[in-house]
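Below, each chain spelled out in residue letters.
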Amino acid sequence: MNESVKKLHFGQGQGADKKPTEILGHFANRHGLITGATGTGKTVTLQVLAENFSALGVPVFITDIKGDVSGLSQAGKQKEFLDNRAKELNIKNYRYEGSPTIFWDIFKKHGHPVRTTIQEIGPMYLSRLLELSDVQEGVIAVAFKYAEENDMALLDLKDLKSLLQFMGEHHKEISTNYGRITNASIGAIQRRLLSLESQSGDELFGEPALALSDLMRQDMSGKGIISIMESRDLMMKPQLYASFLLWLMTELFETLPEVGDLPLPKLILFFDEAHLIFEDSPKEVLKRIEQVARLIRSKGVGVYFCTQSPGDIPEDILGQLGNKVQHALRAYTPKDKKVIRAVADSFRPNPAFKTADVITELGVGEALVSTLEAKGAPAVVERVKIAPPRCRMGPATDAERKVVMSRSPVGGKYDENLDRESAHEKLIARKKQLAEQKAKEQARLDAATQKAEAAKTKRRPGRPADSFATKLGKSIQRRLTTKAVNAIWNTLFGRKR
């Protein structure tokens, strides 16, 4: 084999030849799987792979479900059994050290905030994430189109909620220009958004949005920076986690160019406790992950899943995983035995042992490993002792996290929330302007009404002034009336003598 080929050395075979266990750099983007029962060493294997990728200059992204992956940022504590393992495996220059690390956290408790915008996810994937009907998806498409044509940025949930409310209030006018929308469809979407908001969706959507390039950084020495995504709280909110995964997968797939098999990947993704993804995520997220697993290797990205059993991974994805590390499984039930047989059958057999038997015999820090050979074919499965980690086998403390974050190359970029003018602010300003215009018009009408009432009130108490002719007529009428009355009186009563 060409000596210039980059290799990731993470263990040693236990066969007669003590062959080093390696992942070839140009096949590291063919994805991988780390499986095994609880307590068999999966997380340590993940740490060993991550720090070795980092040493080769490959950036790494990891979801930290239990908090213990954070130990990658700290130097390990010297222990005799680790020193002995390093000597046994003939690891040169073994020393305890941490790797360059950036901590991320959607909830901003244990890392830099992670944000993206509504418009970056787009109408189609947002609709699939919310599991909307075709009619409701059409309403979302209208909302995005209206926002684009009226220069209204959709950045966070309040932008979308304000726009939907505006569309409901003006649905007749908008339906005329964009196609029929109904208040019933808008109400259904608002309820789905309320569900997402109840899982702290407003924490994920906003600015500044995370730049993909900040997950693909190297430090000053050329080591790949390991991005650790704090996920302990996130896993309690499956819809929010699915939103983040959907954005990440979409951004990677649509942004990165096709590069084929590079000497080393551009980025490696590790998803710890991967069964949690496939149990709770909406169908659209699963479809996106399957699409990524099939196609994103040509963009220089490798995806590695860490879980208890290969059965936790959908078959369409499982078939795309070329580098496999299988820690011990326990056969306590007939179902367990069936799983072990299926796992053994997924490896290329080694004539030196029965794979199904060895799976149950492996000790902590041992695994069955199959990686891709020079021509891309799976290698014969080997029983392997995993190399000892250089980092801490356990979590970083809160104080240590703060120190790492204080030295972070991206701290000043994301720590402060940016709430620039977007759809919400523009719609509020428009509503305020319309209210002011309406108030002015109403004030004008009220003033006119008051003026008319005042004029009526002024005329009502007096009588119109009489003209000269009227006065003369009234005087003659009074005289004639007086004479007539006197004549009648004299006729009736006569004049006394």
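Here the structure is shown first, and the text comes after it.
Below, the structure is looked at part by part.

Rules used throughout
- Residues numbered from 1 in each chain as written.
- Predicted model: local features only at pLDDT ≥ 70, side-chain atom pairs only at ≥ 80, totals over all residues.
- Heavy atoms only, no water.
- Pairing = 2+ DSSP bridges.
- Helix = DSSP H or I, 4+ residues; strand = E, 2+ residues; numbered from the N terminus.
- Axes fitted to C-alpha atoms, helices over the stretch in contact; angles between N-to-C directions.
- Contact = heavy atoms within 4.5 Å.
- Buried < 20%, exposed > 50% of the residue type's maximum accessible area, 1.4 Å probe, protein only.
- Salt bridge = Lys/Arg side-chain N within 4 Å of Asp/Glu carboxyl O.
- Core = buried A, V, L, I, M, F, W, Y, C linked by side-chain atoms within 4.5 Å.

Moving on, we get to the sheet that holds strand β9 (residues 323-326). Strand order in the open sheet formed by eleven strands is β2-β1-β11-β10-β9-β3-β8-β7-β4-β6-β5, and the pairing between neighbours is mixed. A single partner strand is all that each edge strand has here, and the edge strands are β2 (20-24) and β5 (101-104). For this sheet, the mean inter-axis angle between neighbouring strands, taken without regard to orientation, is 25°. Where strand β10 (residues 366-370) lies against strand β11 (residues 382-386), four bridges are found, and the strand directions are antiparallel. What sits directly across from Ala 367, in β11, is Val 384. Contacting β4 (60-64), β6 (226-230) and β7 (267-271), helix α9 (residues 238-255) crosses the sheet at an angle of about 160° to β7.

This paragraph deals with the pairing of β10. Of all five residues that make up β10, five are buried, and the element is covered over most of its length. Residues Glu 366, Leu 368 and Ser 370 of β10 are buried on one face, and the alternating residues Ala 367 and Val 369, pointing to the opposite face, are buried as well. Of the strand pairs in this sheet, β9 and β10 are connected by three bridges, and their pairing is antiparallel. Of the residues in β10, the one forming a bridge with Lys 324 is Ser 370.

So, about the side chain of Ser 54. Within the element layout of this structure, Ser 54 appears in helix α1 (residues 42-55). Given a relative accessible area of 1%, Ser 54 falls into the buried group. Among all residues touching Ser 54, those that are not within four sequence positions of it are Val 60, Ser 99, Pro 100, Lys 223, Gly 224 and Ile 226.

This brings us to the pattern of salt bridges. Considering all chains together, one arrives at 27 salt bridges under this definition. Here Lys 385 ties to Glu 88 by a salt bridge, and the two come within 2.7 Å at their closest N and O atoms. With Lys 385 in strand β11 and Glu 88 in helix α2 (residues 80-88), the pair connects residues that are 297 residues apart, well separated along the chain. According to the relative accessible area criterion, Lys 385 is buried, its value standing at 18%.

A separate point is the environment of Val 60. Of note, Val 60 is situated in strand β4. In this structure Val 60 comes out as buried when scored by relative accessible area, which is 0%. Remark: the alpha-carbon pair of Val 60 and Lys 266, spanning 206 residues in sequence, is separated by 9.0 Å. Leaving out residues up to four positions away in the same chain, Val 60 has contacts with Ala 50, Phe 53, Ser 54, Ile 225, Ile 226, Ser 227, Leu 267, Ile 268 and Phe 270.

This part is about the nonpolar core. In this structure, Met 167, Phe 244, Phe 271 and Phe 305 are the most contacted members of the largest nonpolar core, which totals 78 residues. Of the residues forming this core, the biggest block, ten residues, is contributed by α9. Of all hydrophobic cores here, the second largest spans 32 residues; its members include Val 48, Ala 50, Ile 62 and Leu 264.

All we've got here are geometric facts, nothing functional implied.
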